[in-house]
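An overview of the molecular structure
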2 protein chains.
Amino acid sequence: MPQPAVVVLDVNETLSDLSPLEGAFSDVGLSAADVPRWFTAVLRDGFALSTAGAAPRFGAVAEGVLRTLLPAPEGPGHEEAVHHVLDAVAALPPHPDVAEGVRALRAAGHRLLTLSNGPASTAERLLAEAGVGELVEATLSVEDVGPWKPAPATYRYAAERAGVPPSELVLVAVHPWDTDGAQRAGASGAWVDRAGRRWPAHLRAPDARVTGLPELPEALAALRGHRG
Amino acid sequence: MPQPAVVVLDVNETLSDLSPLEGAFSDVGLSAADVPRWFTAVLRDGFALSTAGAAPRFGAVAEGVLRTLLPAPEGPGHEEAVHHVLDAVAALPPHPDVAEGVRALRAAGHRLLTLSNGPASTAERLLAEAGVGELVEATLSVEDVGPWKPAPATYRYAAERAGVPPSELVLVAVHPWDTDGAQRAGASGAWVDRAGRRWPAHLRAPDARVTGLPELPEALAALRGHRG
């Protein structure tokens, strides 16, 4: 039998479902297409600040980018619009497959942690809503490191907190840059592709691919069987 | 009189006009809105790789992201579509204000360099097309450093190549993350806002703001007058 791993779950978009933001964006005069536009720009600026040596806060970047997309700040309703969208961000639900996926991973003997570019409280809320909070041993944030994932120090921090070498970690994420970064830091990466996307050739191919979290135990058994 | 500065011009979008890409994107079944979507994702992944300690090549990331946006690679015309768009990227023209702006900066006594996250050849071509190639003393690329701007090492490299301390550099860019990064590295930053955008509050405010390159000599005189 392959050894169980320490599974580190990404949080934003991996655990949380961003689709309810489409309604909130529409409410304030933006479009559904502005949701990925906003989120990609948040990552761009968070990574830029990390590259520059800063320690950006997710909430500040998320709000800062949102304000540049909204109509003029002098106009009526600008502050209300900002708060309406940020309230929706704070209330995003977990994906429907989170509860089953987390339970299946624990049933297979894997240890579970989360590691987010946002605050740990977001992961705690999402896991509680999915009814699996007690199955995850730690909700970690890059706020305790400085730069955002995919900085190598963030994955090493998760390994240290778990008390294992990075090679025992499997980072699970919907974002190719996250599994790529984990693999560069000596961990394994499992890509969750719920939407049938294409892998970007400029990033390292993931060690495992699944279309939802419940497929992870089988994928990890294959991955760690190959390795062991 | 304020002392002349060493002016370091960003290249992609600061010197080059991306608007002709809208036609090329439409030709291959994408939309005008996909141009900023593509470019933002290119920056996101280039910064992610830089954060992860890699040394990404601009062309590889630009092509890799483009392929994820296009219809299935197995379909007819996929390769032709990729090459059609990349040919358009390679042929982007300089903004109409580049020639006047570069001449005005030199006339005011400033030294001029470029520093790009892409290859130096792009800057050389754009400056030649604007007829001002001989006014710029060096076209630098982060390819000789490793990570992309806004890594501090990239601005320090430009300062070293110019033979001045970073405090003598003024980085000129349309991208807020670039002037922010230059300022964090000890240089000054001048933001070129041709489109009347809003400054993102999560980044350091630029030392100078202009709506086009020809305004730079006056803005730099004010900036360096204040400092001197």
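That block above? That's the structure.
The residue numbers shown here count from 1 along each chain, following its written sequence. Each chain takes a letter, starting from A, and each ligand takes a number, starting from 1, following the order in which they are written. Reporting of local features is limited, given that this is a predicted model, to residues whose pLDDT is at least 70; pairs of side-chain atoms are given and counted only at 80 or more, and all residues count toward the totals for whole chains, interfaces and linings.

Moving on, we come to the overall build of chain A. What chain A contains, in helices and strands, is nine helices and six strands. The quantity called the radius of gyration is restricted to C-alpha atoms. Its globule counterpart is 2.2 Å times the number of residues to the power 0.38. Against the globule reference of 17 Å for 228 residues, chain A gives a C-alpha radius of gyration of 18 Å, in line with a compact fold. When its C-alpha atoms are laid out on the principal axes, chain A stretches across 60 × 35 × 35 Å. Considering only intrachain contacts with a sequence separation of at least 6, the fraction spanning at least 24 residues in chain A is 58%. Only DSSP runs of H or I reaching four residues or more are called helices, and only runs of E reaching two or more are called strands; each is numbered from the N terminus. What counts as a contact here is a pair of residues whose C-beta atoms, placed from the backbone, lie within 7 Å.

With 36 residues of chain A at the contact, the number on the chain B side is 36 residues. At the level of elements, helix 2 (34-51), helix 3 (58-69) and helix 8 (176-184) of chain A are the ones that each hand at least two residues to the side of chain A that touches chain B. For the side of chain A that touches chain B, the element with the highest residue contribution is helix 2 of chain A, accounting for 10 residues. Tallied by class, the residues present in the side of chain A that touches chain B amount to 20 nonpolar, eight polar and eight charged. Ten residues, namely Ala, Val, Leu, Ile, Met, Phe, Trp, Tyr, Cys and Pro, are considered nonpolar, four, namely Asp, Glu, Lys and Arg, are considered charged, and the remaining ones, Gly among them, are considered polar.

With an RMSD of 0.0 Å, chain A superimposes on chain B once it is rotated by 180° and translated 0.0 Å along the axis. The transformation relating the two chain copies, once decomposed into turn and shift, fits a two-fold axis. Taking the C-alpha atom as reference, chain A places Arg44 of chain A closest to the rotation axis, 2.1 Å from it. A least-squares superposition brings the copies together, and it is based on the C-alpha atoms of residues with pLDDT no lower than 70 in both.

Residue and element names in this part refer to chain B. Summarising the element assignment, Leu169 is placed in strand 4 (residues 169-173). On the neighbour-count criterion, Leu169 (26 C-beta atoms within 10 Å) is buried. Residues Leu169 and Val132, spaced 37 residues apart in sequence, show a C-alpha to C-alpha distance of 20 Å. Exposure classes come from backbone-placed C-beta atoms, where a residue is buried if 20 or more other C-beta atoms lie within 10 Å of its own, exposed if 12 or fewer do, and partly exposed in between.

One finds Val42, Ala62 and Val65 of chain A together with Val42, Ala62 and Val65 of chain B to be the most contacted residues of the largest nonpolar core, which totals 58 residues. Among the elements of the structure, helix 1 (21-27), helix 2, helix 3 and helix 4 (78-90) of chain A together with helix 1 (21-27), helix 2 (34-51), helix 3 (58-69) and helix 4 (78-90) of chain B are those that each provide at least two residues to this core. Sequence-distant contacts of Ala62 of chain A, defined by excluding residues within four places in its chain, comprise Val42 and Val89 of chain A. In this usage, the nonpolar core is the set of buried Ala, Val, Leu, Ile, Met, Phe, Trp, Tyr and Cys residues whose C-beta atoms join them within 7 Å.

Bringing helix 4 of chain B into the picture now. Residue and element names in this part refer to chain B. Spanning 13 residues, helix 4 covers 18 Å between terminal C-alpha atoms, matching the ideal 18 Å at 1.5 Å per step. Turning to helix 4, its buried residues number three or more, namely Ala81, Val85 and Val89. Along the axis of helix 4, the buried residues cluster in a sector spanning 75°; they form a single face. In helix 4, those exposed residues whose orientation departs by more than 90 degrees from the buried face are Glu79, Glu80, His83, Asp87 and Ala90. Looking at the buried side of helix 4, the elements it contacts are helix 1 and helix 3. Take the residue count of a helix, subtract one, and multiply by 1.5 Å to get its expected span. Here the arc refers to the set of directions running from the helix axis out to each C-beta atom.

With that out of the way, let us pick up unusual backbone geometry. Residues and elements named next belong to chain A. Backbone torsion omega between Lys149 and Pro150 reads 15°, so that peptide bond is classified as cis. Its location among the elements puts Pro150 in the loop between strand 3 (138-141) and helix 7 (152-162). The backbone of Glu13 sits at a positive phi, close to 75°, despite the residue not being glycine. Its location among the elements puts Glu13 in the loop between strand 1 (6-9) and helix 1. Among the residues examined, Glu13 registers 18 C-beta atoms within 10 Å and is labelled partly exposed.

Another point: the packing of helix 2 of chain B against helix 3 of chain B. Residue and element names in this part refer to chain B. Throughout, an axis means a line fitted to C-alpha atoms (over the contacting stretch in the case of helices), and angles, computed between N-to-C directions, take values from 0 to 180 degrees. At a minimum axis separation of 9 Å, helix 2 and helix 3 run at an interaxial angle of 130°. On the basis of their axis angle, the class for helix 2 and helix 3 is oblique. Classified by chirality, the crossing of helix 3 by helix 2 is right-handed. Residues Asp34, Trp38, Ala41, Val42, Asp45 and Gly46 of helix 2 touch helix 3, and the partners they reach there are Phe58, Val61, Ala62, Val65, Leu66 and Leu69. Note that the term roughly parallel is reserved for angles under 35 degrees, roughly antiparallel for angles over 145, roughly perpendicular for angles of 65 to 115, and oblique for everything else. We call a crossing left-handed when the near helix sits turned anticlockwise from the far one by less than a right angle, and right-handed when that turn is clockwise.

A word on the packing of helix 3 of chain B against helix 4 of chain B. Residue and element names in this part refer to chain B. Relative to each other, helix 3 and helix 4 sit at 140°, their axes nearing to 11 Å. In terms of their interaxial angle, helix 3 and helix 4 are classed as oblique. The crossing of helix 3 and helix 4 is right-handed. When helix 3 is examined against helix 4, the residues Ala62, Glu63, Leu66 and Arg67 are found in contact with a partner set consisting of Val82, Val85, Leu86 and Val89. Looking at side-chain class alone, the contact of helix 3 with helix 4 contains six nonpolar, no polar and two charged residues.

The subject of this paragraph is the sheet that holds strand 6 (residues 208-210) of chain A. Residue and element names in this part refer to chain A. Any two strands are treated as partners once DSSP identifies two or more bridges connecting them. The strand order 3-2-1-4-5-6 describes an open sheet built from six strands, whose pairing is parallel. Two strands lie at the open edges of the sheet, namely strand 3 and strand 6, each paired on one side alone. Averaged over all pairs of adjacent strands, the angle between strand axes in this sheet comes to 25°, irrespective of strand direction. With four bridges connecting them, strand 1 and strand 2 (residues 111-116) associate as parallel partners. The residue bridging Val6 from the neighbouring strand is Arg111, located in strand 2. Set on the sheet, helix 7 makes contact with strand 1, strand 2, strand 3 and strand 4 (169-173); between it and strand 2 the angle comes to about 145°.

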